[in-house]
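Residue strings, one per chain:
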Amino acid sequence: MYYEWYIDLFFLENVIMDGILLILVGIAMNLRHSALRLLLAAAEGGAGACILALLPVENGAAALLLQGGLAALMVKTGFPVLNGKRLIGGIAWLYGLAFFLGGILEAVRVRVELPVTVSGLIAAILSSLLIRKRKETKVQRDNLFRVTLSFHGINKSLRGFRDTGNQLRDPYFGRPVAVVERRAIEEFLGQKAKILWIPYHSIGHEGAMAAFTPDYLLIERGCKVRKVEKPLVAVTRGRVSARGTYQMILPSELIDD
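In this text the structure is predicted, and so the values were computed from the model without any measurement.

**So, the overall build of the chain**
No. 1: In terms of helices and strands, the chain carries 6 helices and 9 strands.
No. 2: Within the chain, the proportion of its 257 residues that are buried is 37%.
No. 3: Only carbon and sulfur atoms are counted for the fraction: they give 61% of the accessible area of the chain, which is about 15,900 Å².

**Quick look at the environment of Cys50**
No. 1: In this structure, Cys50 sits in helix H2 (residues 35-54).
No. 2: Here Cys50 falls in the buried class, since its relative accessible area comes to 8%.
No. 3: Counting along the chain gives 39 residues from Cys50 to Phe11, while the straight-line C-alpha distance between them is 6.4 Å.
No. 4: The contact partners of Cys50, leaving out residues within four places of it in the chain, are Ile7, Phe10 and Phe11.

**Description of the UniProt feature "transmembrane region" (unreviewed entry) in the chain**
No. 1: Summarizing the sequence annotation, UniProt attributes the feature "transmembrane region" (unreviewed entry) to residues 6-28, 35-55, 61-79, 91-108 and 114-131 in the numbering used throughout.
No. 2: The distance from the first to the last C-alpha atom of residues 35-55 is 30 Å, and the span holds 95% helix and 0% strand.

**Topic: unusual backbone geometry**
No. 1: Located in the positive-phi region is Asn30, a residue other than glycine, with phi close to 55°.
No. 2: Position of Asn30 relative to the elements: it lies in the loop between helix H1 (7-28) and H2.

**Re a nonpolar patch on the surface**
No. 1: Nonpolar side chains collect at one region of the surface, where Ile7, Ile51, Leu54 and Leu55 lie side by side and expose about 390 Å² of accessible area between them.
No. 2: Of note, Leu54 is situated in helix H2.

**Re the nonpolar core**
No. 1: Leu22, Leu24, Val75, Phe79, Leu82 and Leu94 are the most contacted members of the largest nonpolar core, which totals 24 residues.
No. 2: For this core, the secondary structure elements donating two or more residues are H1, H2, helix H3 (60-78) and helix H4 (84-111).
No. 3: Per-element accounting of this core gives the leading share, 8 residues, to H1.
No. 4: Residue contacts for Leu82: discarding those within four places in its chain leaves Met29, Leu31, Val75, Lys76, Leu87 and Gly90.
No. 5: Counting 19 residues, the second-largest nonpolar core is a separate cluster that includes Phe145, Val180, Phe188 and Leu217.

**Here's the deal with the pairing of strand E6 (residues 216-221)**
No. 1: Note that strand E1 (residues 144-151) and E6 share 5 bridges and pair antiparallel. Bridging from a neighbouring strand, Arg146 pairs with Glu220 of E6.
No. 2: Two elements, E6 and strand E7 (residues 224-229), share 6 bridges in a ladder whose sense is antiparallel. Its bridge partner lying in E7, Tyr216 is registered against Glu229.
No. 3: Between the antiparallel neighbours E6 and E7 lie 2 residues, among them Gly222 with a positive phi of about 65°.

**Section: the packing of aromatic side chains**
No. 1: Scanning the entire structure with this criterion turns up 4 aromatic pairs.
No. 2: Each ring, one from Phe151 and one from Phe212, has its centre 5.1 Å from the other, and the planes form 70°; the classification is edge-to-face. Within this pair, whereas Phe151 is found in strand E1, its partner Phe212 is found in strand E5 (residues 205-212), the two being separated by 61 residues in sequence. For the pair shown, Phe151 and Phe212 are each scored as buried.
No. 3: Taken together, a centroid distance of 4.8 Å and an interplanar angle of 15° make the contact between Phe161 and Tyr246 stacked. Here the residue Phe161 occupies a position in strand E2 (residues 154-162), and Tyr246 occupies one in the loop between strand E8 (232-236) and strand E9 (248-250), the gap between them amounting to 85 residues.
No. 4: Cluster of aromatic residues (ring-pair linked, three or more members): Phe151, Phe188 and Phe212.
No. 5: Sitting over the ring of Tyr216, Lys227 keeps its end group 4.5 Å from the ring centre.

**Things to note about the environment of Ala178**
No. 1: By the secondary structure assignment, Ala178 is in strand E3 (residues 177-181).
No. 2: Taking the C-alpha atoms as reference points, Ala178 and Gln167, separated by 11 residues in sequence, lie 9.8 Å from one another.
No. 3: When neighbours within four sequence positions are excluded, Ala178 is seen to be in contact with Leu232, Val233, Ala234, Met248, Ile249, Leu250, Pro251 and Leu254.

What counts, and at which threshold
- Residues numbered from 1 in each chain as written.
- Predicted model: local features only at pLDDT ≥ 70, side-chain atom pairs only at ≥ 80, totals over all residues.
- Heavy atoms only, no water.
- Helix = DSSP H or I, 4+ residues; strand = E, 2+ residues; numbered from the N terminus.
- Buried < 20%, exposed > 50% of the residue type's maximum accessible area, 1.4 Å probe, protein only.
- Areas by Shrake-Rupley, 256 points an atom, 1.4 Å probe, with all protein chains shown as cover.
- Contact = heavy atoms within 4.5 Å.
- UniProt positions renumbered as here; feature names shortened; annotations may be inferred.
- Patch = residues over 30% accessible without salt bridge, like charges linked within 9 Å, V, L, I, M, F, W, Y side chains within 5 Å.
- Salt bridge = Lys/Arg side-chain N within 4 Å of Asp/Glu carboxyl O.
- Core = buried A, V, L, I, M, F, W, Y, C linked by side-chain atoms within 4.5 Å.
- Pairing = 2+ DSSP bridges.
- Phe/Tyr/Trp six-rings, centres within 6.5 Å; stacked < 30°, edge-to-face > 60°.
- Lys NZ or Arg CZ within 6 Å of the ring centre and 35° of its normal.

Here's what the structure looks like:
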């Protein structure tokens, strides 16, 4: 029994799959890249795969070393900005995505008979969606804080979200303004407070929000607690989070030292 092996198809399939992997590495690591560099790196991977197939290395350690060197060459060619630990991270992402992509590809091909490139593209799309979802989750996790508002001796615990795009400011003194949902601070509504109207502009909307000055705001960051005296907080009748994940929007100036 013998098998016919078409080296040109083998090379092309490896170039396509390596190109997909490199694109996913770029997405995962937030790296800018040029199509030409990725194509060159993928071609290196395809050529390397052909050489390793034609010249099989019987020593497992040597084969692993050659494959690792090929992976490093591909990542460095595709993303020349990577050095040191970031380069090692890029290689780790390449290997991790290769295993993950291979598992999805095999699952797809078991159920539906598809060409390698088509099933690889499906696996790449699924991988990309998962990577983007992971990044969105990380961004939200890194920017969510447990906060406590104190006003006239009443404390209210909320979840706040740091919104770097929040440019809302006091028009008189330029102070940053936090925004809280009215329904989240019902306990404060019966208290006397000096009201300041804050004009705002958003897509398709403009107007003014009533703002007040609580006694202080506590922002918890892990084991650290930051206390902000007399912050300016605007109250909105709507939701600040469509999913109800948080009830308050915090400007970066209230969080960062």
